[in-house]
Amino acid sequence: MADPSAAAAAANPSPGAGEEGAACSPPSPSQRGRGKVVIVMGATGAGKSRLAVDLAAHFAGVEVVSADSMQLYRGLDVLTNKVPLHEQNGVPHHLLSVIDPSVEFTCHDFRDHAVPIIQEILDRGGLPVIVGGTNFYIQSLVSPFLFDDMAEEMHDCTLREHIDDDRGLTNDDEDSGYERLKDIDPVAAQRIHPNDHRKIKRYLELYATTGSLPSDLFQGEAAKKWGRPSNSRFDCCFLWVDADLQALDSYVNKRVDCMMDAGLLNEVCNIYDADALYTQGLRQAIGVREFDEFFRLYLPRQESGEDSSANLLDIHDDQLKSLLDEAVSQLKANTRRLVRRQRRRLHRLGKDFGWNLHHFDATEAFCCATGDSWQKKVVEPCVDVVKRFLSDDSTVLPSTSASDGVVGSVRGPSRELWTQYVCEACDNRVLRGAHEWEQHKQGRGHRKRVQRLKQKSLRPRPLLSQDCN
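Residues take numbers from 1 onward in each chain, read along the sequence in its written order. Local features in this predicted model are restricted to residues of pLDDT 70 or higher, and side-chain atom pairs are both shown and tallied only at a pLDDT of 80 or more, whereas totals for entire chains, interfaces and linings draw on every residue. Heavy atoms throughout the structure, all of them, feed into the side-chain values; hydrogens and water do not.

- Under an unreviewed UniProt entry, the name given to the chain is tRNA dimethylallyltransferase, and the organism recorded is Sorghum bicolor.
- The chain has a UniProt comment under Sequence similarities (unreviewed entry) that states "Belongs to the IPP transferase family." UniProt positions are given in the numbering used here, feature names are shortened, and annotations may be inferred rather than shown by experiment.

Observations regarding the state of the cysteines
Item 1. The disulfide criterion used throughout: a pair of cysteine sulfur atoms within 2.5 Å. Overall, the coordinates contain zero disulfides when judged by the stated rule.
Item 2. The thiol of Cys382 is unpaired, and the distance to the nearest cysteine sulfur, on Cys237, comes to 8.3 Å.
Item 3. Free cysteine: Cys426, not disulfide-bonded; nearest cysteine sulfur from Cys423 at 3.5 Å.
Item 4. You can call Cys426 buried: its relative accessible area is 8%. Think of it in three bands: with a 1.4 Å probe and only protein chains considered, a residue is buried below 20% of the maximum accessible area for its type, exposed above 50%, and partly exposed in between.

Examining helix H12 (residues 292-304)
Item 1. In this text, helices come from DSSP runs of H or I with a minimum length of four residues, and strands from runs of E with a minimum of two, each type numbered from the N-terminal end. What a helix should span is 1.5 Å times the count of its residues minus one. Here H12 spans 19 Å end to end across 13 residues, near enough to the 18 Å set by a 1.5 Å rise per residue.
Item 2. Turning to H12, its buried residues number three or more, namely Asp292, Phe294, Phe295, Leu297, Tyr298, Leu299 and Arg301.
Item 3. Among the structural elements, helix H11 (264-271) and helix H13 (318-353) are those in contact with the buried residues of H12. Throughout, a residue-residue contact means that at least one pair of heavy atoms, one from each residue, lies within 4.5 Å.

Brief notes about the pairing of strand S1 (residues 36-41)
Item 1. Counting buried positions along S1 yields six of six residues, so the element is predominantly enclosed.
Item 2. Residues Lys36, Val38 and Val40 of S1 are buried on one face, and the alternating residues Val37, Ile39 and Met41, pointing to the opposite face, are buried as well.
Item 3. Here six bridges tie S1 to strand S5 (residues 235-242), and the two strands are oriented parallel to one another. Of the residues in S5, the one forming a bridge with Val38 is Cys237.
Item 4. Here S1 runs beside strand S4 (residues 127-132); their pairing, made up of four bridges, is parallel. By the bridge assignment, Val40 is partnered in S4 with Val131. Two strands qualify as a pair provided DSSP detects at least 2 bridges between them.

Brief notes about the packing of H12 against H13
Item 1. Between the N-to-C directions of two axes lies an angle of 0 to 180 degrees, each axis being a line fitted to C-alpha atoms and, for a helix, fitted only over the stretch in contact. Put simply, H12 and H13 touch, their axes get as near as 9 Å, and they point 150° apart. Classed by the angle they form, the pair H12 and H13 counts as roughly antiparallel. In this structure, the crossing between H12 and H13 has a hand that is left-handed. Mapping the contact onto sequence places Glu293, Phe294, Leu297, Tyr298 and Arg301 in H12 and Gln319, Leu320, Leu323 and Leu324 in H13.
Item 2. For the contact of H12 with H13, the residue count by class is six nonpolar, one polar and two charged. For classification purposes, angles smaller than 35 degrees are called roughly parallel, those larger than 145 roughly antiparallel, those between 65 and 115 roughly perpendicular, and all remaining angles oblique. Should the near helix be turned anticlockwise from the far one by less than a right angle, the crossing is termed left-handed; should it be turned clockwise, right-handed. Here the term charged refers only to Asp, Glu, Lys and Arg, the term nonpolar to Ala, Val, Leu, Ile, Met, Phe, Trp, Tyr, Cys and Pro, and the term polar to all other amino acids, Gly among them.

Considering the packing of aromatic side chains
Geometrically, a pair of aromatic rings is defined through the distance of the ring centres and the angle of the planes.
Item 1. Any pair of Phe, Tyr and Trp rings, taking the six-membered ring for Trp, is counted once the centres come within 6.5 Å. Such a pair is stacked with planes under 30 degrees apart, edge-to-face with planes over 60 apart, and tilted for the rest. Counted under the stated rule, the structure contains seven aromatic pairs.
Item 2. Between Phe238 and Trp355, the aromatic rings sit 4.6 Å apart at their centres with planes inclined by 25°, giving stacked as the arrangement. Pair noted here: Phe238 is in strand S5 and Trp355 is in the loop between H13 and strand S6 (357-361), with a separation of 117 residues, a long-range link. When sorted by exposure, Phe238 lands in the same class as Trp355, which is buried.
Item 3. When the centroid spacing of 5.4 Å and the interplanar angle of 10° are considered together, the rings of Phe294 and Tyr298 count as stacked. With Phe294 and Tyr298 both in helix H12 and four residues apart, this pair spans about one turn of that helix. Across the pair, exposure class does not vary: Phe294 and Tyr298 are buried alike.
Item 4. Chaining the aromatic ring pairs together yields one cluster made of Tyr272, Phe294, Phe295 and Tyr298.

Quick look at the packing of helix H4 (residues 135-142) against H13
Item 1. Their axes nearest at 11 Å, the elements H4 and H13 cross at an angle of 25°. Taken together, the axes of H4 and H13 are roughly parallel relative to one another. Of H13, the residues touching H4 (which contributes Asn135, Phe136 and Gln139) are Gln342, Arg345, Leu346, Leu349 and Phe353.
Item 2. Class assignment of the residues belonging to the contact of H4 with H13 gives a composition of four nonpolar, three polar and one charged.

Focus: the pattern of salt bridges
Item 1. Counted as salt bridges are all cases of a side-chain nitrogen of Lys or Arg within 4 Å of a carboxyl oxygen of Asp or Glu. On inspection of all chains with the given rule, the structure shows 15 salt bridges.
Item 2. With its nearest N and O atoms 3.9 Å apart, the salt bridge here joins Arg74 to Asp100. One end of the pair, Arg74, is in the loop between strand S2 (62-66) and strand S3 (93-94); the other, Asp100, is in the loop between S3 and helix H3 (107-123), with 26 residues separating them in the sequence.
Item 3. The exposure class assigned to Arg74 is partly exposed, which follows from its relative accessible area of 40%.
Item 4. Residues Lys182 and Glu179 are paired through a salt bridge, measuring 3.8 Å at the closest nitrogen-oxygen approach. Taken together, the residues Lys182 and Glu179, both in helix H6 (residues 174-184) and three residues apart, mark about one turn of the helix.
Item 5. One continuous salt-bridge network, built from bridges that share partners, spans Arg34, Lys36 and Asp235.

Considerations on the environment of Leu96
Item 1. For Leu96, the position within the fold is in the loop between S3 and H3.
Item 2. The class for Leu96 is buried, based on a relative accessible area of 16%.
Item 3. Leu96 sits 30 residues away from Ser66 along the chain, and the two C-alpha atoms are 6.6 Å apart.

So, in structure tokens, the structure goes:
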């Protein structure tokens with residue numbers, strides 16, 4: 001389904017497109033071979049949407065395609081941080097607010113929506129800029145096939161004539177899902193985190209509908225091709241906007257406060273349903289579930305007239321205020337955790353799948369050291385990389401690690417993805433892959449727990465009564 005804004009793309013030239021020397025045109029379709037696409041990635045709050053709009057001042061025909069799994073739903077514009085119309089600066093934006101909030105939308109659905117839009121932009125001679133808040137969505141664009149496609153191909157050659165329905169999804173018990181997957185396919189279970197309920201459900205569904213083991217999808221040629229840019233339908237330039245974790249944490253906290261002032265609570269109240277599931281559609285968004293306890297108490301009181309506050313933020317009841325403060329704190333904490341997960345996944349895309357991620361450190365811009373830090377540290381280096389990409393300049397950029405430099409490339413050889421580590425010091429927390437394990441060991445919380453265990457083991461053991469006999 002094409003986005004309604006696509007039709008208006010030609011009528012809305014990008015800023016700077018008409019100024020001589022101000023914009024660089026992408027190659028025509030006949031020159032391109034594989035269509036050239038710029039993909040802006042980064043953790044939530046890093047400035048991806050801002051950068052995409054800024055690129056339109058330097059390149060003609062820029063159109064933004066959102067790859068955010070929550071922004072494509074209609075509703076919760078403040079909570080999901082959609083780019084307001086006045087901040088889009090006339091740059092066409094696609095896949096914003098186009099899906100009913102109750103619909104379950106998968107990577108497969110995103111690919112089927114996004115690919116035709118991207119191709120239409122390329123056919124018009126434009127430059128698609130994909131803004132990725134959901135890395136799995138980006139992978140669905142890069143990979144020539146998805147789990148669903150592989151499952152369909154394997155369906156005809158499966159040796160199972162009868163599927164054991166008892167092994168499929170027979171209930172909604174998320175806790176037992178991982179144990180069922182381990183029983184069915186321990187290799188696939190070792191690949192994913194026990195708390196990744198969505199992927200666990202998908203693997204079980206694949207098994208139930210095709211009779212094929214999910215791990216079979218990661219063998220042979222499929223394992224070599226899946227998710228690798230060299231096999232992509234598009235020629236991709238990956239821009240990774242990043243910042244120091246402390247700077248991102250501070251920004252996330254401030255942004256949540258601004259969202260509260262902008263009406264976030266009213267948005268969540270409008271879609272609140274005490275019987276609704278938080279695992280489907282728009283209600284999966286971080287910031288919905290967190291206010292559940294607050295609204296379970298607030299709404300009945302409001303209906304009974306016990307609380308007549310016109311403003312949700314102007315509540316005088318101590319219990320309600322406490323629940324509200326706790327919900328806001330939880331929203332901030334969960335968003336900070338999301339930032340860390342997104343950054344880990346981006347590291348893995350470089351190390352495990354060989355993505356050439358051009359890394360740009362925006363920490364100075366977050367700290368507001370100088371007024372033009374964003375332009376100097378982020379926009380200008382990104383423009384230089386994109387110009388090289390569009391002109392097919394193979395000149396190698398200075399290479400630095402993602403944690404040290406302003407701009408560099410992050411990529412490496414394929415790793416074994418299935419190794420899991422269990423941290424006994426942290427209540428048997430499961431870590432997937434060597435990179436995640438190393439990151440965990442360096443964490444302050446892990447080091448504190450290990451130190452406490454060491455100190456505890458050195459304490460003298462008290463004598464029990466039987467020891468004295």
